[in-house]
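A look at the structure
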Amino acid sequence: GAVVSQHPSRVICKSGTSVKIECRSLDFQATTMFWYRQFPKQSLMLMATSNEGSKATYEQGVEKDKFLINHASLTLSTLTVTSAHPEDSSFYICSALDRGNYNEQFFGPGTRLTVL
Amino acid sequence: QKEVEQNSGPLSVPEGAIASLNCTYSDRGSQSFFWYRQYSGKSPELIMFIYSNGDKEDGRFTAQLNKASQYVSLLIRDSQPSDSATYLCAVYNQGGKLIFGQGTELSVKP
């Protein structure tokens, strides 16, 4: 299957700082990428849909000014958690949509964010 | 009612047995169904997808879909300890979003 990378894999930051997470599709072009968040023992919750060249679509309850998404190219989407707080600590996972492959989503390895 | 529902488990089976994982969904217009496996601390990895009613087999895995009953299942034959993980059912709803169930934790005992 296709490969999606995320960077960093793990980040620890102080409360109030901003953290940027990168998601790259390595061997296919992804016009659409998704950002999920997963708290311990819970399932993946869709945060937003990232479309190349346009504004992201956020799910209800997700603050767009806090979680900034930029999808500037067909292979890169970034999620910036601004003014992070301890309650933002979570496992953030991106996926890239391969429309040519039965709309299969290929997931990145995830980023573990810990806000102190 | 949740869009995608799974028994959270844990489901415990002995090595070599068949593990049966079940999932129901609420959006009758859904067309695409996926089973992912997730190990602790890792992101999900796709096991199978199914679009048509009936069974689809891939190695030790069989996905079963019944659209009339809005039910999809995953059977794992000859279960191995390495199959111990959380299995996530995911369904594309008519809005084009992939909705995940809460996952079923499977434990295969040697």
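Quick note: structure is the one above.
An account of the accompanying structure is given in this report. Model, not experiment: these values are computed from the prediction. (Residues numbered from 1 in each chain as written. Chains lettered and ligands numbered in written order. Predicted model: local features only at pLDDT ≥ 70, side-chain atom pairs only at ≥ 80, totals over all residues. Heavy atoms only, no water.)

A separate point is the side chain of D98(A). Residue and element names in this part refer to chain A. By the element assignment, D98 lies in strand β9 (residues 90–98). Given the relative accessible area of 18%, D98 is considered buried. Here D98 is in contact with F28, N103, E104 and F106, once residues within four sequence places are set aside. (Helix = DSSP H or I, 4+ residues; strand = E, 2+ residues; numbered from the N terminus. Buried < 20%, exposed > 50% of the residue type's maximum accessible area, 1.4 Å probe, protein only. Contact = heavy atoms within 4.5 Å.)

Moving on, we get to the sheet that holds strand β3 (residues 19–25) of chain A. Residue and element names in this part refer to chain A. Judged by pairing direction, the sheet is antiparallel, and its 4 strands sit side by side in the order β1-β3-β8-β7 without closing on themselves. On the outer flanks of this sheet lie β1 (4–7) and β7 (67–73), each paired with one strand and no other. The sheet shows a mean angle of 15° between the axes of neighbouring strands, taken without regard to direction. (Pairing = 2+ DSSP bridges. Axes fitted to C-alpha atoms, helices over the stretch in contact; angles between N-to-C directions.)

This paragraph deals with the state of the cysteines. A full pass over the atoms with the stated rule returns 2 disulfides over all chains. In this model, C23(A) is linked to C94(A) through a disulfide, with the two sulfur atoms separated by 2.0 Å. Sign of the S-S torsion, about 80° for the bond between C23(A) and C94(A), identifies this disulfide as right-handed. With C23(A) in strand β3 and C94(A) in strand β9, the pair connects residues that are 71 residues apart, well separated along the chain. Considered together, C23(A) and C94(A) belong to a single accessibility category, that of buried residues. The disulfide that involves C23(B) links it to C89(B), with 2.1 Å between the sulfurs. Looking along the S-S bond of the C23(B)-C89(B) disulfide, the torsion reads about -70°, which is the left-handed sense. Here C23(B), found in strand β3 (residues 19–25), pairs with C89(B), found in strand β9 (residues 85–92); they are 66 residues apart in sequence, far enough to count as distant. C89(B) carries the same exposure label as C23(B), and that label is buried. C13(A) takes part in no disulfide bond, and the closest cysteine sulfur, belonging to C94(A), lies 18 Å away. (Disulfide = S-S within 2.5 Å.)

Residue and element names in this part refer to chain B. The strand order β1-β3-β8-β7-β6 describes an open sheet built from 5 strands, whose pairing is antiparallel. The sheet is open, and its two edges are formed by β1 (4–6) and β6 (54–58), each paired on a single side. Going from strand to strand, the sheet's axes swing by 20° on average, the running direction of each strand aside. Here 5 bridges tie β6 to strand β7 (residues 61–66), and the two strands are oriented antiparallel to one another. In the strand pairing of β7, K56 is matched with A63.

Here we take up unusual backbone geometry. Omega for the bond connecting H7(A) with P8(A) falls within 30 degrees of zero, at 0°, which places this linkage in the cis form. For P8(A), the location among the structural elements is in the loop between β1 and β2 (10–13). Although it is not a glycine, D78(B) adopts a positive phi angle of roughly 45°. With respect to the helices and strands, the residue D78(B) is situated in the loop between β8 (71–76) and β9.

Turning our eyes to something else, we now look at the nonpolar core. By size, the foremost hydrophobic cluster in this structure holds 25 residues, and its most contacted members are V4(A), W35(A), F67(A), L79(A), Y92(A) and L113(A). For this core, the secondary structure elements donating two or more residues are β2, β3, β4 (32–38), β5 (45–51), β7, β8 (76–81), β9 and β11 (111–115) of chain A. Once you skip the residues sitting within four places of it in the chain, L79(A) turns out to touch V19(A), K20(A), I21(A), W35(A), F67(A), L68(A), I69(A) and Y92(A). Core analysis: the next-biggest nonpolar cluster, separate from the first, contains 24 residues, V4(B), I50(B), V72(B) and I76(B) among them. (Core = buried A, V, L, I, M, F, W, Y, C linked by side-chain atoms within 4.5 Å.)

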